[in-house]
Amino acid sequence: MPIRDARITRLIERIGEHYRMNISNRFIRPALLQLPIEKQSWDLIETLTEKVEQYQYQGYHYDELYRQIAACSRFVGHARRDLAPGLRNRLSSGSSSSEKVLRDMAVNNFGSNLQLFADLVNELYVNLVELDKAEAKGKRPVYLSIPELQDIGRLLVGN
């Protein structure tokens, strides 16, 4: 059954906008591509963060959204561990002083922007599980059948 919940859709829109503006922007993207993340996960992240219009009409499916959330949580885990500590060293310096200022702002705010992204993805996960349980009506909710979701909390919260 497709999900057309307005709260879920708004949250996905916020996640996509934040990701495009603050995580995968022109300054940070070259370093993101160096992360050891498989293509399937990148595709799932892209679907969640960039293809919102496509799903607004047809609705989302639980299993797809859960897999996208799992991919985002793996991304957050890798970015925290492998990218954030040495991000400045991975990026080439900009050619103009205004480019350097913008790049430095992106680098300096990456940790807090990554945390906000993780918080938004976690909020989506919690809301989706609530909706999943409510719609299950005595049946087994979808999230219980997806093993990748077991590490979500650890990866998003950072413990």
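First things first, this report covers the structure right here in the doc.

Definitions and limits used
Residues numbered from 1 in each chain as written. Predicted model: local features only at pLDDT ≥ 70, side-chain atom pairs only at ≥ 80, totals over all residues. Heavy atoms only, no water. Helix = DSSP H or I, 4+ residues; strand = E, 2+ residues; numbered from the N terminus. Rg over C-alpha atoms; globule rule 2.2 N^0.38 Å. Buried < 20%, exposed > 50% of the residue type's maximum accessible area, 1.4 Å probe, protein only. Contact = heavy atoms within 4.5 Å. Areas by Shrake-Rupley, 256 points an atom, 1.4 Å probe, with all protein chains shown as cover. Lys, Arg positive; Asp, Glu negative; His and termini not counted. Charge placed at Lys NZ, Arg CZ, Asp CG, Glu CD. Core = buried A, V, L, I, M, F, W, Y, C linked by side-chain atoms within 4.5 Å. Axes fitted to C-alpha atoms, helices over the stretch in contact; angles between N-to-C directions. Parallel < 35°, antiparallel > 145°, perpendicular 65-115°, else oblique. Left-handed = near helix turned anticlockwise from the far one by under 90°. Nonpolar A, V, L, I, M, F, W, Y, C, P; charged D, E, K, R; others polar.

## Section: the overall build of the chain
Alright, step 1. In terms of helices and strands, the chain carries 9 helices and 0 strands.
Alright, step 2. Reading the secondary structure of the chain in the N-to-C direction produces α-α-α-α-α-α-α-α-α.
Alright, step 3. A compact globule built from 159 residues should have a C-alpha radius of gyration of about 15 Å, and the chain, at 17 Å, falls within 12% of that.
Alright, step 4. Along the longest, intermediate and shortest principal axes, the C-alpha atoms of the chain span 60 × 30 × 25 Å.
Alright, step 5. Burial status across the chain gives 45% buried among its 159 residues.
Alright, step 6. Restricting to contacts in the chain with at least 6 residues of sequence separation, those with at least 24 account for 82%.
Alright, step 7. Accessible area for the chain stands at about 8,700 Å²; split by element, carbon and sulfur atoms hold 49% of it.
Alright, step 8. Here the chain contributes 22 positive and 20 negative side-chain charges, whose respective centroids are spaced 3 Å apart.

## As for the nonpolar core
Alright, step 1. Ranked by internal contacts, the top residues of the largest apolar core, which has 50 residues, are Leu32, Tyr66, Phe75, Phe110 and Phe117.
Alright, step 2. Those elements giving two or more residues to this core turn out to be helix H1 (6–23), helix H2 (29–32), helix H3 (39–50), helix H4 (52–58), helix H5 (62–83), helix H7 (97–108), helix H8 (110–136) and helix H9 (152–157).
Alright, step 3. If we skip the residues at most four places from it in the chain, Leu32 touches Tyr19, Ile23, Ser24, Trp42, Phe75, Leu83 and Phe110.

## Quick look at the environment of His78
Alright, step 1. You can see His78 is positioned in helix H5.
Alright, step 2. C-alpha separation for the pair His78 and Leu155, spaced 77 residues apart in sequence, amounts to 8.9 Å.

## Structural notes on the packing of H5 against H8
Alright, step 1. Close contact between H5 and H8 brings their axes to 10 Å; oriented N to C, the two are set at 155 degrees. What the angle tells us is that H5 and H8 run roughly antiparallel. Crossing geometry of H5 relative to H8 is assigned as left-handed.
Alright, step 2. Split into classes, the residues belonging to the contact of H5 with H8 amount to 19 nonpolar, 1 polar and 3 charged.

These figures come from the coordinates and say nothing about function on their own.
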